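# Structure assessment
The chain contents come next:
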Amino acid sequence: MVEPDPWGSFRDEAIAWTCEALHAAYGIAEEIDHLVEEPDAELADFAFPCHAFASQAQAAPADIAENLEDALPPTDEMTVRAEGPYLNFDVEPEALVTTTLDSVRERSAGYGELPERGSSVLVEHTSANPTGPLHVGRARNPLLADSIVRLLRAAGHHVVAEYYVNDMGRQAATLVWGAKNVDLRGDAYELDPDEAEAFSFDLLAQPRDAASKRVLDPGPDEAGKLDRLLVQYYQAANRALELHDQGRALPDRDPEDEIADLIQAFEADDEETATEFRQIVTWAMKGIRSSLEDANVHHDNVVFESELVLDGSVERVLADLRELDACQTEDGAEYLDMEQLGVDTDKPQMFITRGDGTTLYGTRDVAYHLDKLERADELVDVLGEDHKLHATEIQAALSALGIEVPLDVVFYNFVSLPEGSMSTRSGRVVYLDDLLEESRTRALAEVRERRGEELSEARMEEIADLVGPAALRFNVVSVQSEKPIEFSWEKALNFEGSTAPFVQYSHARTCGILEKAGLDPGQAPAGDLTALMHDSEIQLVRRLAQLPSLVRECADDRKVHPVTAYAVETAQDLNKFYRDCPVLEAGSPELREARLALVDATRQVLANALALLGIDAPESM
RNA sequence: GCGCCCGUGGCCAAGUCCGGAUAUGGCACCGGCCUCCUAAGCCGGUGAGCGCGGGUUCAAAUCCCGCCGGGCGCGCCA
């Protein structure tokens with residue numbers, strides 16, 4: 001049985017020894033896990049700063065370090081030395097190399113994965129309103145969350161990724177209203193001259209003309225990617241609402257009322273209305289899911305909020321919420337008094353029904369969380385930071401119902417444009433599709449320039465398909481999720497430095513070496529590894545050893561940016577090794593074999609790290 | 001106005017949760033490296049003391065307080 005987590009096992013050992021020595025020398029018995037550091041590689045693998053115990057031990061930190069060193073038995077796994085106030089540990093190269101490379105070889109694609117934890121986690125993510133294509137601002141959600149899902153799976157959880165479709169709210173209703181009432185051909189409507197330019201849509205008294213029919217009953221080839229068409233109806237509907245408010249359009253109608261009527265009819269399960277919503281939402285979702293597939297993001301399950309309303313779940317939750325003392329009424333609408341629930345928020349009232357009796361997003365989301373809870377042990381929601389208040393509200397509502405939900409919410413900041421945040425409604429957006437397409441095109445140009453003479457056109461296109469979307473994904477996900485990102489085409493399409501293409505390229509190099517050695521990936525012989533002694537070799541192995549620990553940390557903290565850093569660092573270490581240590585022309589057959597094993601292991605680790613990011617590793621590029 | 005998040009070389013990020021050894025990468029810039037396993041690469045160099053001001057501590061980019069700048073929120077929207 002190989003060690004699944006080489007670095008973690010050495011670290012645990014260093015901690016255990018330090019504890020023992022601390023106890024033996026000073027009678028101190030304390031948890032010191034958090035004190036043990038991993039400083040720069042030249043300094044030590046693990047370090048224990050002794051300052052913390054100076055007063056307890058009644059000794060200078062440097063003396064403590066000396067005493068601890070003396071108290072520790074020598075082993076062939078790790079060396080220990082006192083250096084000033086630090087007790088430094090170095091894993092013996094031989095132990096490091098054999099433990100690590102054996103583990104990688106044995107576990108191959110599973111290297112990095114941790115033992116089953118037996119708990120199930122339901123990760124809800126993306127859940128963008130089905131009103132149009134995914135834009136880059138929101139796309140941070142699926143890109144981030146899909147990697148969190150992969151990390152949790154690697155960490156041994158059973159994970160379900162779910163998309164919650166808000167098909168019954170005002171946004172969806174606005175789109176439906178638009179699809180039924182707006183003609184996008186845009187000629188005859190009378191407006192101020194400057195308005196006409198901004199709003200070139202024709203609002204029709206008659207629903208379902210040619211254009212809206214196209215939405216409600218599209219031809220076979222339009223059904224695939226209808227989100228881009230639909231969003232125009234959504235934008236037009238919003239524009240109509242705005243103009244109507246200003247008294248400049250639809251003087252004898254009230255779009256707002258008509259939208260409210262749609263919601264009421266849907267909640268009352270009016271068949272025709274339900275069909276319209278379902279159809280339009282399904283088309284929008286088809287477009288969104290196809291974009292997600294292009295970005296290699298997967299959901300295991302899609303839940304429509306209307307299901308929860310129509311099957312009575314929301315009604316049952318509502319009944320329970322009404323029982324609460326905190327539930328009060330204002331103008332016929334019901335709300336929960338947050339202060340009474342002991343929650344200090346910006347909004348003291350959490351409305352759970354409208355005056356017309358229809359429910360609100362928050363109410364339905366409470367029901368949805370209860371539903372999720374029946375299907376998993378732990379919940380993770382990935383939400384934009386604009387949902388922070390909403391998240392506290394539903395958690396407050398849930399705990400008011402006496403349900404402690406093991407819910408972890410991961411917030412992210414939006415990707416914005418230099419001129420401000422992206423907005424579907426206004427059309428100030430960069431769509432994910434366009435960016436993916438652009439990235440692919442750019443990648444193809446790059447491959448052609450570099451390898452145009454050697455590779456076939458088909459192969460170059462394959463590579464571009466792997467590299468373009470990967471560059472984008474890597475880029476978005478390499479920044480800590482709570483930091484804002486300002487979008488720039490230049491950065492998004494950069495293929496040098498800390499990027500996916502650099503990591504992929506390094507992976508391709510390992511494959512190139514193996515190929516020249518006549519070996520298939522994963523087939524390097526398990527020879528005598530003790531020949532690996534060069535600093536660059538050891539540093540590379542050290543890096544490989546760390547993947548499982550990284551997975552544990554990232555999965556537990558639900559963060560993915562350290563994985564991108566790790567992938568880049570591994571590639572950098574590989575490139576240094578590549579520079580310093582000839583493989584095919586190594587000095588001896590033993591060394592050559594050992595280096596081939598290291599190359600093969602690195603190939604595997606790079607591929608595994610990229611897999612956590614939803615990125616495929618090409619064998620050549 | 002109130003609440004939450006962010007503020008690190010010219011630019012972009014890591015490090016901040018759990019305070020410790022000369023602050024780590026990338027882009028850009030300057031200078032080198034393709035008779036040698038793919039130059040989407042490698043080596044060297046210039047450049048920050050971590051928004052500002054206090055405080056705690058043997059020790060602060062990391063903790064506390066105040067301020068400034070940016071984002072988000074404060075809907076019978078989602």
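It should be emphasised that the depicted structure is a prediction, and the values quoted were computed from it without experimental measurement.

Check the secondary structure of chain A and you find 23 helices and 16 strands. When the 621 residues of chain A are sorted by exposure, 54% land in the buried category. Sequence separation of at least 24 residues holds for 74% of the intrachain contacts in chain A that already meet a minimum separation of 6. Entry remark: accessible area of chain A is about 26800 Å², with carbon and sulfur atoms responsible for 45%. In chain A, 54 side chains carry a positive charge and 121 a negative one; their mean positions are 5 Å apart.

Moving on to helix α19 (residues 500-516). Relative to the 24 Å expected for 17 residues at 1.5 Å per residue, α19 spans 24 Å between its end C-alpha atoms, a close match to the ideal helical length. Burial analysis of α19 places 12 of its 17 residues in the buried class, the great majority of the element. When α19 is considered as a whole, its buried residues turn out to be A500, P501, F502, V503, Q504, S506, H507, A508, T510, C511, I513 and L514. Taken together, the buried residues of α19 touch α17 (457-477), α22 (561-580) and α23 (589-612).

Before going further, it helps to examine the protein's contact with RNA strand B. Around RNA strand B sit 65 residues in total, of which Y86, R354, Y505, R509 and Y578 are the nearest. In RNA strand B, the atoms that sit within 4 Å of the protein are 66% sugar and phosphate, with bases accounting for the remainder. One of the side-chain nitrogen or oxygen atoms of R170 is found 3.4 Å away from a phosphate oxygen of RNA strand B. Measuring from a sugar or linking oxygen of RNA strand B, one finds a side-chain N or O atom of Y505 at 2.3 Å. Looking at the surface near RNA strand B, the elements that each hand over two or more residues are β3 (86-91), α6 (170-181), α14 (361-373), α15 (388-400), α16 (432-451), α19 and α22.

Attention now moves to the domain arrangement of chain A. Taken as a whole, chain A is organised into domain 1 (6-91), domain 2 (165-412) and domain 3 (432-612). Each of domain 2 and domain 3 has a C-alpha centre, and the two are 42 Å apart. With 14 residues of domain 2 in contact, the opposing surface of domain 3 contributes 10 residues. Summed over both partners, the interface of domain 2 with domain 3 buries about 930 Å², with 43% contributed by carbon and sulfur atoms. Here domain 2 and domain 3 share four salt bridges between them. A salt bridge links D433 to R228; the nearest nitrogen and oxygen atoms lie 3.9 Å apart. Elements with a contribution of two residues or more to the side of domain 2 that touches domain 3: α9 (227-245), α11 (271-294), β12 (378-384) and β13 (407-412). Counted by class, the side of domain 2 that touches domain 3 contains six nonpolar, two polar and six charged residues.

All right, on to the confidence of the model for chain A then. When the pLDDT values of chain A are averaged, the result is 90; 93% of them are 70 or greater. Here residues 186-209 scores under 50 on pLDDT; set against residues more than four positions off or in separate chains, the count is 52 contacts.

Our focus in this paragraph is the pairing of strand β10 (residues 333-337). Of all five residues that make up β10, five are buried, and the element is covered over most of its length. Here β10 shows two buried faces, one formed by A333, Y335 and D337 and the other by E334 and L336. Bridging between strand β9 (residues 327-330) and β10 involves four bridges; their strand directions are antiparallel. Note on β10: the bridge partner recorded for Q328 is Y335. In this structure, the hairpin formed by β9 and β10 is closed by a connection of two residues, where D331 is found at a positive phi of approximately 50°. Judged from the three bridges that link them, β10 and strand β11 (residues 349-351) form a sheet pairing that is antiparallel. Bridge pairing in β11 links L336 to M350.

This model, assessed by the stated rule, comprises 40 salt bridges. Between E38 and R11 there is a salt bridge, with its nearest N and O atoms 3.0 Å apart. You can see E38 sitting in the loop between α1 (6-26) and β1 (46-49) and its partner R11 sitting in helix α1, a full 27 residues away along the chain. Of the charged contacts in the structure, one is a salt bridge between R473 and D146, with a shortest N-O distance of 2.9 Å. On the criterion of sequence distance, the pair formed by R473 in helix α17 and D146 in helix α5 (residues 136-154) is long-range, its members being 327 residues apart. The buried category is assigned to R473, whose relative accessible area is 3%. A relative accessible area of 3% places D146 in the buried class. Here the salt bridges share partners, and the residues they tie into one network are R81, E83 and D90.

Quick look at the nonpolar core now. The biggest cluster of nonpolar side chains holds 122 residues, and the ones touching the most others in it are F46, F48, F89, F487 and L547. Per element, the largest residue contribution to this core is 11 residues, and it comes from α23. For F48, the contacting residues outside a window of four places in its chain are T18, L22, I32, L35, V36, F53, L68, P85, Y86 and L87. Within the second largest apolar cluster, 57 residues are counted, among which are L122, V176, L383 and A396.

Strands sit in the order β9-β10-β11 across an open sheet of three strands; the sheet is antiparallel. The open sheet has two free edges, formed respectively by β9 and β11, since each of these has just one partner strand. Neighbouring strand axes in the sheet, compared pairwise and without regard to direction, differ in orientation by 40° on average.

Conventions we followed
- Throughout this description, residue numbers start from 1 for each chain and increase along the sequence as written.
- To read the labels, note that chains go from A and ligands from 1, taken in the order they are written.
- Local features are withheld for residues below a pLDDT of 70 in this predicted model, meaning they are given only at 70 or higher, and side-chain atom pairs are given and counted only at 80 or more; totals for whole chains, interfaces and linings count all residues.
- Only hydrogens and water are removed before side-chain values are computed, so all heavy atoms of the structure are retained for them.
- Helix and strand labels come from DSSP, where a helix needs a run of H or I of at least four residues and a strand needs a run of E of at least two; each type is numbered from the N terminus.
- The buried label applies to any residue whose accessible area, calculated with a 1.4 Å probe on protein chains only, is under 20% of its type's maximum; exposed applies above 50%, and partly exposed to all values in between.
- Here a residue-residue contact requires only that any non-hydrogen atoms of the pair lie within 4.5 Å.
- Here the accessible surface of atoms and residues is derived via Shrake-Rupley with a 1.4 Å probe, and residues count as covered only by protein chains that are part of the display.
- By the counting scheme adopted, Arg and Lys are positive, Glu and Asp are negative, and His together with the chain ends is not counted.
- For this purpose, a charge sits on NZ of Lys, CZ of Arg, CG of Asp or CD of Glu.
- Expected helix span is taken as 1.5 Å per residue step, with the number of steps being one fewer than the number of residues.
- Each residue is tested against the molecule or strand, and it is near if at least one of its non-hydrogen atoms lies within 4 Å.
- A 3.5 Å cut-off defines polar contacts: any pair of N or O atoms within that distance qualifies, except that in protein one atom must be a possible hydrogen donor and the other a possible acceptor, and neighbouring residues in sequence count only when both atoms are side-chain atoms.
- As annotated, the domain borders come from an automatic or database domain assignment.
- Two parts placed together each lose some accessible area under a 1.4 Å probe, and the buried area is that loss summed for both.
- By convention in these notes, a salt bridge is any Lys or Arg side-chain nitrogen within 4 Å of a carboxyl oxygen on Asp or Glu.
- Classification convention: Asp, Glu, Lys, Arg as charged; Ala, Val, Leu, Ile, Met, Phe, Trp, Tyr, Cys, Pro as nonpolar; all other residues, Gly among them, as polar.
- pLDDT measures how confident the predictor is about each residue, on a scale from 0 to 100.
- In short, DSSP must find at least two bridges between two strands for them to pair.
- Among buried residues, those of type Ala, Val, Leu, Ile, Met, Phe, Trp, Tyr and Cys that are joined through side-chain atoms within 4.5 Å constitute a nonpolar core.
- Every axis corresponds to a line fitted to the C-alpha atoms, with the helix fit spanning only the stretch in contact, and the corresponding angles, defined between N-to-C directions, vary from 0 to 180 degrees.

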